[in-house]
Amino acid sequence: MTSSVRPLFGAGTARGGTGLVVQTLRANSRIELAMEPFLSVFKHYRSAVHRELAQTLHHQQPAVSDPMPSGYFSREDRAYLDCILGQTIDYDIPASELTEILDGIRGRAKYDAADLVAHVGSIRGSNYAELINSAIGMVRTARQRKGLSYCGTLENWCADFFPFLADRFPEARFFLVVRDPRAVVASALSADPSLRSTFLSYTRSIRKNLDLFLHYAGDPRFTGKLCLVKFEALVANPAGISREICDFLEVDYEPAMIDPANHVVPGSTELRDGVSSFEEQAVGYSPERASRWKQVLEQSVVDAVNALAYPELVSFGYLEHSSAVSFDGAALRALLAVPSVNEHLGSWSLESHA
């Protein structure tokens with residue numbers, strides 16, 4: 001990256017409104033973002049951390065194909081997360097592993113950044129910082145936009161790696177997209193079964209994402225460099241929230257940012273599908289998306305999310321403080337009776353002990 005174009009890194013959760021945020025930012029002439037092509041980079045980095053710290057982690061070595069872990073809900077998981085957040089060291093990348101990473105980028109990019117696939121072969125790097133720098137440069141080259149102030153990527157489930165990125169790219173800026181966990185769960189449970197995660201794992205992962213923002217807000221490395229984007233605020237006030245993000249990035253707000261006609265598939269004029277579980281093509285800003293979960297979720301699911309993510313729901317203004325929120329055997333039995341929670345998801349029972 002040249003000094004005139006800063007890296008921009010975003011994260012959030014699947015079905016958390018990240019696509020709309022990326023489209024809003026990309027519609028600014030000074031900002032370019034790729035939507036989730038580089039997950040394999042962070043999965044391989046995760047594996048490198050495990051190899052380096054195998055003797056102290058006592059944590060099962062993940063396969064590169066494994067999803068990002070749902071969090072720090074056991075002693076072993078907390079030790080793992082502490083290492084990811086605290087070590088932030090770089091690692092050399094063997095040539096054979098680089099090939100695997102690039103293949104992973106090609107496979108992931110075809111979903112929401114297909115225009116980049118033909119350019120992936122240009123990515124180089126002997127370590128992860130070099131690789132990420134080259135990958136962002138590839139995005140700039142492929143999309144050929146002039147006058148940029150920022151170029152970067154949003155990678156869902158990858159907020160864990162913000163400290164590594166902050167250490168390696170001190171000029172970078174970061175944003176985290178959050179959405180009411182109940183709305184995220186409502187979308188996830190209404191998706192095609194092949195796209196669903198287990199209920200408990202999903203809820204834990206959302207909790208971790210919210211907690212990481214609170215953690216980073218107190219980390220000096222992110223002072224003045226980290227922005228929170230609440231999905232509900234964006235759909236209710238697109239112009240106001242977009243202006244706030246532009247102020248954070250020190251770029252001019254452009255009304256084109258909130259014109260849905262500019263929210264297109266990169267490299268084309270085709271409108272990007274918002275990947276909604278409830279609409280054939282979710283385009284633009286609809287406040288209804290912020291409250292739809294109230295009509296969609298069974299009360300037993302709402303009760304479970306409220307109990308499982310209670311501190312975060314209160315901290316982010318999604319739930320009033322109450323002593324009445326709890327989760328007991330009767331609530332668990334009610335939850336297990338909900339078909340959308342358990343259909344084709346036998347592995348959920350493996351986590352029910354927690």
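Please refer to the structure higher up on the page.
Below you will find a few notes about this structure. Just so you know, these numbers come straight off a predicted model, no measurement behind them. Position numbers for residues count from 1 along each chain, tracking the sequence in the order it is written. Thresholds applied to this predicted model are a pLDDT of at least 70 for local features of residues and 80 or more for the giving and counting of side-chain atom pairs; totals over whole chains, interfaces and linings are not thresholded and use all residues. Each side-chain value is derived from all of the structure's non-hydrogen atoms; neither hydrogens nor water enter the calculation.

Regarding the overall build of the chain
Link 1 in the chain: On a plain count of helices and strands, the chain comes out with 17 helices and 5 strands.
Link 2 in the chain: The C-alpha atoms of the chain give a radius of gyration of 20 Å, which matches the 20 Å a tight globule of 354 residues would have.
Link 3 in the chain: Taking the principal axes of its C-alpha atoms as reference, the chain extends roughly 60 × 50 × 40 Å.
Link 4 in the chain: Throughout this description, buried means an accessible area under 20% of the type-specific maximum (1.4 Å probe, protein chains only), exposed means over 50%, and partly exposed covers the range between. When burial is assessed residue by residue, the chain has 54% of its 354 residues classed as buried. Working definition: helices are DSSP H or I runs of at least four residues, strands are E runs of at least two. Numbering for both runs from the N terminus. In this description the radius of gyration comes from C-alpha coordinates, and the expected globular size is given by 2.2 Å times residues to the power 0.38.

Quick notes on the sheet that holds strand β1 (residues 6–11)
Link 1 in the chain: For two strands to be treated as a pair, DSSP must find at least two bridges joining them. Taken together, the 5 strands give an open sheet; going across it, the order is β2-β3-β1-β4-β5, and neighbouring strands pair in parallel fashion. In this open sheet, the two edge strands, each paired with only one partner strand, are β2 (31–35) and β5 (226–230). Strand after strand, the sheet turns through a mean of 20° between neighbouring axes, direction not considered.
Link 2 in the chain: Pairing analysis gives 5 bridges linking β1 to strand β3 (residues 150–154), with the strands arranged parallel. Its bridge partner being in β3, R6 is matched across the sheet by Y150. Note on method: axes are straight lines fitted to C-alpha atoms, helices fitted across the in-contact stretch only, with angles between N-to-C directions ranging 0 to 180 degrees.

Observations regarding the side chain of H44
Link 1 in the chain: Residue placement: H44 occurs in helix α2 (residues 39–52).
Link 2 in the chain: Reaching out from H44, the side chain makes a polar contact with the side chain of E97 at a distance of 3.0 Å.
Link 3 in the chain: By the convention used here, residues are in contact when the closest approach between their heavy atoms is within 4.5 Å. When neighbours within four sequence positions are excluded, H44 is seen to be in contact with V64, E97, E100, I101 and Y128. The definition of a polar contact used here is a pair of N or O atoms within 3.5 Å, where within protein one atom must be able to donate a hydrogen and the other to accept one, and adjacent residues in sequence count solely through side-chain atom pairs.

Comments concerning the pattern of salt bridges
A side chain with one charge may pair with a side chain of the opposite charge, provided their charged atoms come close.
Link 1 in the chain: Counted as salt bridges are all cases of a side-chain nitrogen of Lys or Arg within 4 Å of a carboxyl oxygen of Asp or Glu. A complete count under the given rule lists 13 salt bridges for this structure.
Link 2 in the chain: D219 is the salt-bridge partner of R221, the closest N and O atoms lying 2.8 Å from each other.
Link 3 in the chain: Here R221 falls in the partly exposed class, since its relative accessible area comes to 28%.
Link 4 in the chain: We classify D219 as buried; its relative accessible area is 11%.
Link 5 in the chain: Among the ionic contacts, a cluster of salt bridges with common partners joins R26, E32, D115, R143 and R145.

Section: the packing of helix α8 (residues 181–189) against helix α9 (residues 199–217)
Link 1 in the chain: Relative to each other, α8 and α9 sit at 145°, their axes nearing to 11 Å. Judged by the twist between their axes, the crossing of α8 over α9 is right-handed. Counted together, P181, V184, V185, A188 and L189 of α8 and F199, Y202, T203, I206 and L210 of α9 form the full contact between these two elements.
Link 2 in the chain: Just so you know the grouping, Ala, Val, Leu, Ile, Met, Phe, Trp, Tyr, Cys and Pro go in nonpolar, Asp, Glu, Lys and Arg go in charged, and all remaining residues, Gly too, go in polar. Residue classes in the contact of α8 with α9 are distributed as 9 nonpolar, 1 polar and no charged. Handedness of a crossing follows from how the near helix is turned relative to the far one, being left-handed for an anticlockwise turn of less than a right angle and right-handed for a clockwise one.

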